[in-house]
Structures are given as C-alpha cells and as structure tokens.
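# Chains, contacts and geometry: an overview
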Amino acid sequence: MIAQLLQTPFAAELVRFGINLTGMSALLFGMYYRRYRDKELVTAAALFNIFVFAVLTVLSTVQFGVAAGFGLFAILALFTLRSEPLSKTEMTYFFGSVAIAVICSVQGTTLPFVAVTVAFVLAGAFVVDHPRMLQSVSGTKVSLDKINVALLSDPATTRAELSQRLGVDVLSYQVLQLDYITEMAKLNVHYRKH
C-alpha cells in the first residue's frame, strides 16, 4: 500500500520535500544555530533552501536547457556580490542548505538515494564543524571606533593591540570594512583564550 502510494508523483514529491525540510532543519537549526546563534543567516538559508527546492522541482519537470541553468546560477551569484560579505563558515552552511535542496529536488533519483546523500551531507557537517574538532580557535566580529594606522601595513602590531584590548591571543584578523568618515573599522577576529 505504501509502495503504491509512493509511486504517485505527488506523494513522492511530498516525501522529497519532507527529506529536504528534515535535512535543512538538522543542518541549520540543529547544528549552525546551536553553535553560532546567528538568526539572520539561519532564516535566510532556510528560506533560500525552500525557494531553491521549489524552483528546481518545477524546472526538473519541464524542458530546461543547461544554458538557462547556468544563467539562473549567475543571477544567484549576483546576490552575493551585492550583499554583506559572509564568513567562510556562514557561506559553507548557506551552500549546504542549497545543496540539500538541490539533492532533494532533482528528479530521476530514488528516495533512498536522496535520503542517504542528505545523511552524508549532515554527517560531514556535524563532524567537520564539531566544537571538539577545532575547539582551540574561536572567532568573532569586532567594530573598532578608531582605525589604527598599522591595521593593513603591520598585522603583527595590530594583532598585539587587539590581543591586549580583548584579553585573548589574537591569531589572525580579516578587515571587513573601513570607514574613514566615521573612523570605524569592522574586523573578523580569530583568537585563542589564554
């Protein structure tokens, strides 16, 4: 009975969407949000996942050329050029959410194959980004109310100053934004606690 029900396109699509939602929720809410508490990225990536799933489901049922597919992804790439820069971890989780949507929405794959592939994605994210794997280094975003002259020219001096101000051992930093009008600098700081 269940096997016959899954043979109908509508039921199979509901199962695919269920696998997609389960995988996306485990990745974003179960892993990313619990570790980083970034509500904005979780909301954006979750909605993006649902939108990509819907678009690819429709496109996979009609004749859609490879050139049009590349055009779609070129449009998506423009969003990243015109938006706030994402950290490597944020970008990876965002891509993971999109990957789950693509895996689940592509027609021609069996439901067990889809479920196992999503499980591989989740297992990889869980293990690689587990706090015990790379527990010695943490990161945070910092806004400085004064731009240090050595910020770009002398990273060692800037790391020492940041270490003193933050009370941690600053390993590296990335300049996200410099605003000479307001004398503010935004940095991504990677540090280790003493």
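Please refer to the structure placed before this passage.
The rules we used
- Residues numbered from 1 in each chain as written.
- Predicted model: local features only at pLDDT ≥ 70, side-chain atom pairs only at ≥ 80, totals over all residues.
- Heavy atoms only, no water.
- Helix = DSSP H or I, 4+ residues; strand = E, 2+ residues; numbered from the N terminus.
- Expected span 1.5 Å × (residues − 1).
- Buried < 20%, exposed > 50% of the residue type's maximum accessible area, 1.4 Å probe, protein only.
- Contact = heavy atoms within 4.5 Å.
- Salt bridge = Lys/Arg side-chain N within 4 Å of Asp/Glu carboxyl O.
- Pairing = 2+ DSSP bridges.
- Axes fitted to C-alpha atoms, helices over the stretch in contact; angles between N-to-C directions.

The next subject is helix α5 (residues 88-105). Given a rise of 1.5 Å per residue, 18 residues ought to cover 26 Å, and the 26 Å separating the end C-alpha atoms of α5 matches this to within 8%. Among all positions in α5, only Glu 90, Tyr 93, Phe 94, Gly 96, Ser 97, Val 98, Ala 99, Ile 100, Ala 101, Cys 104 and Ser 105 are buried. Looking at the buried side of α5, the elements it contacts are α2 (9-36), α3 (39-60), α6 (111-128) and β1 (138-144).

What follows covers the pattern of salt bridges. Inspection of the entire model under this criterion finds four salt bridges. Note that Asp 145 is salt-bridged to Arg 165, the shortest N-O span being 3.9 Å. A residue pair is termed long-range when its members are at least 10 positions apart, and Asp 145 in the loop between β1 and α7 (155-166) and Arg 165 in helix α7 qualify at 20 residues. Judged by relative accessible area, Arg 165 falls into the partly exposed class, the value being 49%.

Sheets are built from strands paired through backbone hydrogen bonds, the pairs being either parallel or antiparallel. Taken in spatial order, the three strands of this open sheet run β1-β3-β2, and their pairing is antiparallel. In the strand order of this sheet, the two ends are held by β1 and β2 (169-179), each with one partner. Each strand axis lies, on average, 20° off the axis of its neighbour in the sheet, ignoring direction. Bridge analysis of β1 against strand β3 (residues 184-192) gives seven bridges, and the strand direction is antiparallel. What sits directly across from Val 142, in β3, is Leu 187.

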